[in-house]
Amino acid sequence: MKKILANKSFEINSHDYRFMREAMIEAERAYDEGEIPVGAIVTRGGEIVGRGRNGRKIGRMPFAHAEICALSEAGENLNTWRFDGCELYVTLEPCPMCAGAIVQTRVSRVVYGARDPKAGAAGTLYDILRDPRMPHRCEVVRGIMEAEAAALLRKFFLAKRKTGNADALNARE
């Protein structure tokens, strides 16, 4: 299926919804753990090679965004830092830090659900993943299961606002 967005077309492949559902499972796990509900999956050749979800609060790790966690697991499983031919599925548009990691590890394709109007670096505020000045560029597909991903984020932040949890309100992911 071909989708046209902002005068650019891109291919949605047969695996996009299947793997985004897997990323949503990771986001739901993060939600259950009290983390901002963002999940990510890394695939190669149609197989999952890495999973991640936000873990900054639980792990006390400031860089434990879902994408970084999924890329780290993929690196362990593939025994490499280079992800040529890999796809990253993430429920929320990558931030600048994660976009930098995606470029540095040479991920071929990024598929994300909800846009991030405050820190989106895959086309919303910045376009690090496709910037011609970067040493690597990747294909970007956005909007896969966007409504579901956005709804889970809204549910999380509504609950945090009701309890007055300032840490969650100030966090991006």
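Residues numbered from 1 in each chain as written. Predicted model: local features only at pLDDT ≥ 70, side-chain atom pairs only at ≥ 80, totals over all residues. Heavy atoms only, no water.

Asks: Sorry if this is basic, but what is going on with the overall build of the chain here?
Replies: Helix and strand content of the chain: 6 helices and 7 strands. Reading the secondary structure of the chain in the N-to-C direction produces β-β-α-β-β-α-α-β-α-β-β-α-α. Expressed as a percentage of its 173 residues, the buried residues of the chain come to 47%. Taking the contacts inside the chain whose residues are at least 6 apart along the sequence as the reference set, 59% of them involve residues at least 24 apart. When the accessible surface of the chain is totalled, it reaches about 8,800 Å², and 52% of it is carbon and sulfur. (Helix = DSSP H or I, 4+ residues; strand = E, 2+ residues; numbered from the N terminus. Buried < 20%, exposed > 50% of the residue type's maximum accessible area, 1.4 Å probe, protein only. Contact = heavy atoms within 4.5 Å. Areas by Shrake-Rupley, 256 points an atom, 1.4 Å probe, with all protein chains shown as cover.)

Asks: Got a minute to help me understand the state of the cysteines in this structure?
Replies: Disulfides are covalent bonds that link the sulfur atoms of two cysteine residues. According to the stated counting rule, one finds 0 disulfides in the structure shown. Between cysteine 98, a free cysteine, and cysteine 95, which holds the nearest cysteine sulfur, the sulfur-to-sulfur gap is 3.7 Å. Judged by its relative accessible area of 0%, cysteine 98 falls in the buried class. (Disulfide = S-S within 2.5 Å.)

Asks: Help me understand the packing of aromatic side chains in this model?
Replies: Geometry of an aromatic ring pair is reported as the spacing of the ring centres plus the angle between the planes. If you walk through the whole model with that rule in mind, you get 3 aromatic pairs. Ring geometry for tyrosine 31 versus phenylalanine 156: centroids 6.1 Å apart, planes at 70 degrees, classification edge-to-face. In this pair, tyrosine 31 is assigned in helix H1 (residues 16–32) and phenylalanine 156 in helix H5 (residues 146–163), connecting sequence segments 125 residues apart. By relative accessible area, tyrosine 31 is classed as partly exposed at 23%. Between phenylalanine 156 and phenylalanine 157, the aromatic rings sit 5.2 Å apart at their centres with planes inclined by 85 degrees, giving edge-to-face as the arrangement. Owing to a relative accessible area of 3%, phenylalanine 156 belongs among the buried residues under this scheme. (Phe/Tyr/Trp six-rings, centres within 6.5 Å; stacked < 30°, edge-to-face > 60°.)

Asks: Can you walk me through the pairing of strand S4 (residues 47–53) in this structure?
Replies: It is a general feature of regular strands that their side chains alternate between the two faces of the sheet. By the bridge criterion, 6 bridges tie strand S3 (residues 39–44) to S4 in an arrangement that is antiparallel. Paired with alanine 40 across the strands is glycine 52, a residue of S4. (Pairing = 2+ DSSP bridges.)

Asks: Looking at this structure, I do not really get helix H4 (residues 96–105). What am I missing?
Replies: What H4 keeps buried is the set Cys98, Ala99, Ala101, Ile102, Val103 and Thr105. Downstream of H4 by one or two residues, arginine 106 has phi in the positive range, about 65 degrees.

Asks: Teacher, can you tell me more about the nonpolar core here?
Replies: The nonpolar side chains of a soluble globular protein tend to be buried, and buried together. Val42, Leu88, Ile102 and Leu129 are the most contacted members of the largest nonpolar core, which has 46 residues in total. Among the elements of the structure, H1, S3, helix H3 (66–78), strand S5 (86–92), H4, strand S6 (109–114), strand S7 (139–142) and H5 are those that each provide at least two residues to this core. Of all the elements, H5 adds the most residues to this core, at 6 residues. Apart from residues lying up to four places away in sequence, valine 42 is in contact with Glu47, Ile48, Val49, Gly50, Ala70, Leu71, Ala74, Cys86, Glu87 and Leu88. (Core = buried A, V, L, I, M, F, W, Y, C linked by side-chain atoms within 4.5 Å.)

Asks: What am I meant to see in the environment of glycine 143 here?
Replies: When you line up the elements, glycine 143 lands in the loop between S7 and H5. Expressed as a C-alpha distance, the spacing of glycine 143 and threonine 91, which sit 52 residues apart in the sequence, is 9.2 Å. Once residues lying within four places of it in the same chain are set aside, the contact partners of glycine 143 are Tyr112 and Gly113.

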